[in-house]
Amino acid sequence: MTFIESDPSVGRMSAQPGLQAEEVEHPRDEGVFNSRKESISVVQSAVGATVLASDVFTHDRLGPIRKLVSGLGRIDTIERQEHRGRRVGDAERADRWYQIELDGFSHGVRVTEADPKQDSGVTIIHFPGFTETIEDSAGRELHDTLAREAPHLRVISIATDGIGKTSAPVHLEDVMNHTLDAMAEQRLKLVQALVGDRPIIIVGTSMGSVIENKLLDFDLRNGHNLNAYPINHASALLTPGKTLLYMGALFMPAMALDAPRELIDMLLTDGPKKALEKIQVENEHHRGSAAALIIQAAGLIKGVKRDQIERVAASYSGSQISGQFDPLAQFRMWREIRRDLRFPEQRTGYGIEVIPWRGHGMAADGEDGAKKILKTVKERQIIERLLAA
């Protein structure tokens, strides 16, 4: 892993008339991974909209922002490293960890750029599950594997508010700004800032699938601006009348059976050392404020209305990847939705992949999950469909 030092020579950014520039700061010995934090300058317009200075793009061509959105504030580079693909000849690609301020809250974001020689023009974005961080265990494994196996994709992981060490904490006094609905609305703006007008694949794991669905519903109600394809990995999309039964009564007993099965599978497939690395959670990374966890759990119990799920599927299509024994999978609902949508071709219909002998615990294996996601992307020709839209 190669670390690139921040350039201390970058100073005050020049601004256009009517814009007031802030200083670029380089405090030492700060940041999630004990590497130097670098702040990208932002400027405040006379009418109050925060935008990036145009010089940012010339100073750092690998800056994460592709489109300027209202509410965008300070951007801190937490760590810089390089990611190498698994194939001989794959180029090293920039791999960056950021804190990106939007509407006053600092979101944890990891961006791995595509190989310039293989770039398909498509970005894949991951929203992790309940309590899952992007810094370690399944969340990091999934991102690492996507980046390693698909150098033609730009890969982005966005931390759940208040979970992990890259995201800012969530405090009790503003907890209502971090409900699943609020996070979805914030992420719509954040995704637009990160990808601009490029086509995207949005992967939501477990709780992330709920945020993904709500984000796309917000996009629909605001003009359908995203060229997006959603993939629900170990979906947690349940309608309100079913959440107490499936999440409250059936989920924990199913996980009690599922977890040992997943552990045995990882031991047999990867060996003890790698299996331990996959499930190990670093205490310093697994910060989850009680306020954040409570409001997110409440959002899951609330559920998602069936008409919203159908509306998003009808507008963006999508795919579902869930284990055969997952009580949250709701295969019957998805088959009904696929039947009712009546797509003209099977390839363009709603994709439903049932993973035999697996349950919701399959989400704990990020490497395996990423490979299943990329298999779906290839078999359903998702990149080609997005580029043709």
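Quick caveat, the model's predicted, so the values are computed rather than measured. (Residues numbered from 1 in each chain as written. Predicted model: local features only at pLDDT ≥ 70, side-chain atom pairs only at ≥ 80, totals over all residues. Heavy atoms only, no water.)

Overview of the overall build of the protein chain
Move 1: Counting secondary structure elements, the protein chain contains 11 helices and 13 strands.
Move 2: Residues counted as buried form 57% of the 389 residues belonging to the protein chain.
Move 3: Taking as baseline every contact in the protein chain between residues at least 6 positions apart, the subset at least 24 positions apart corresponds to 76%.
Move 4: As displayed, the protein chain offers around 16900 Å² of accessible surface, 53% of which is attributable to carbon and sulfur atoms. (Helix = DSSP H or I, 4+ residues; strand = E, 2+ residues; numbered from the N terminus. Buried < 20%, exposed > 50% of the residue type's maximum accessible area, 1.4 Å probe, protein only. Contact = heavy atoms within 4.5 Å. Areas by Shrake-Rupley, 256 points an atom, 1.4 Å probe, with all protein chains shown as cover.)

Overview of the pattern of salt bridges
Move 1: Per the stated rule, a full pass over the model turns up 26 salt bridges.
Move 2: Close ionic contact of Glu113 with Arg66 constitutes a salt bridge, the shortest N to O distance being 3.3 Å. Of this pair, Glu113 sits in the loop between β7 (105–112) and β8 (122–127) while Arg66 sits in the loop between α1 (55–59) and β5 (72–84), placing them 47 residues apart in sequence.
Move 3: In this structure Glu113 comes out as buried when scored by relative accessible area, which is 9%. (Salt bridge = Lys/Arg side-chain N within 4 Å of Asp/Glu carboxyl O.)

Things to note about the confidence of the model for the protein chain
Move 1: Residue-level pLDDT values for the protein chain average 81, and 78% of them are 70 or greater.
Move 2: Low confidence marks residues 1–37, where pLDDT is under 50. Its contacts with residues over four positions away, or in another chain, come to 84 contacts.
Move 3: Note that pLDDT drops below 50 for residues 40–59; the model gives that stretch 57 contacts with residues more than four away or on any other chain. (pLDDT = per-residue confidence, 0-100.)

What about the packing of aromatic side chains?
Move 1: Tallying each qualifying case throughout the model produces two aromatic pairs.
Move 2: A ring pair is formed by Trp334 and Tyr350, whose centres lie 5.0 Å apart and whose planes are at 10°; its orientation type is stacked. With Trp334 in helix α9 (residues 331–341) and Tyr350 in the loop between α9 and β13 (351–355), this residue pair connects regions lying 16 residues apart in the sequence. Like Tyr350, Trp334 is buried. (Phe/Tyr/Trp six-rings, centres within 6.5 Å; stacked < 30°, edge-to-face > 60°.)

A few points about the nonpolar core
Move 1: Ile158, Val191 and Leu215 are the most contacted members of the largest nonpolar core, which has 51 residues in total.
Move 2: With nine residues, helix α3 (residues 180–195) is the largest single contributor of residues to this core.
Move 3: Those residues within four positions of Leu215 in sequence are excluded, and the remaining contacts are Phe127, Ala184, Arg187, Leu188, Val191, Ile202 and Leu226.
Move 4: Counting residues in each nonpolar core, the second largest holds 24 residues, with Tyr229, Ala234, Ala363 and Ala370 among its members. (Core = buried A, V, L, I, M, F, W, Y, C linked by side-chain atoms within 4.5 Å.)

Concerning the packing of α3 against helix α4 (residues 207–221)
Move 1: Where α3 contacts α4, the axes come no closer than 8 Å and their chain directions differ by 65°. For the crossing formed where α3 meets α4, the hand is right-handed. Contacts between α3 and α4 involve Leu180, Asp181, Met183, Ala184, Glu185, Arg187, Leu188 and Val191 from the former and Met207, Val210, Ile211, Lys214, Leu215, Phe218 and Asp219 from the latter.
Move 2: Looking at the contact of α3 with α4, its residues break down into 10 nonpolar, no polar and five charged. (Axes fitted to C-alpha atoms, helices over the stretch in contact; angles between N-to-C directions. Left-handed = near helix turned anticlockwise from the far one by under 90°. Nonpolar A, V, L, I, M, F, W, Y, C, P; charged D, E, K, R; others polar.)

Considerations on the pairing of strand β9 (residues 153–158)
Move 1: Summarising burial for β9: six of the six residues are buried, a large majority.
Move 2: Burial of the side chains of β9 extends over both faces: Leu153, Val155 and Ser157 are buried on one face and Arg154, Ile156 and Ile158 on the other.
Move 3: Examined bridge by bridge, β7 and β9 share four bridges and lie antiparallel to one another. Within β9, the residue paired with Val109 across the bridge is Ile158.
Move 4: Relative to β9, β8 is paired through five bridges, and the arrangement is parallel. When the bridges of β9 are listed, Val122 appears paired with Leu153.
Move 5: In terms of handedness, the path from β8 via helix α2 (residues 137–149) over to β9 forms a crossover that is right-handed. (Pairing = 2+ DSSP bridges. Right-handed = clockwise from strand over helix to strand, strands pointing away.)

Remarks on α3
Move 1: Between its first and last C-alpha atoms α3 spans 22 Å; for 16 residues at 1.5 Å apiece the expected length is 22 Å, and the two agree.
Move 2: Within α3, 14 of the 16 residues are buried, leaving the element largely enclosed by the surrounding structure.
Move 3: Downstream of α3 by a residue or two, Gly196 has a phi angle that is positive, lying close to 65°. (Expected span 1.5 Å × (residues − 1).)

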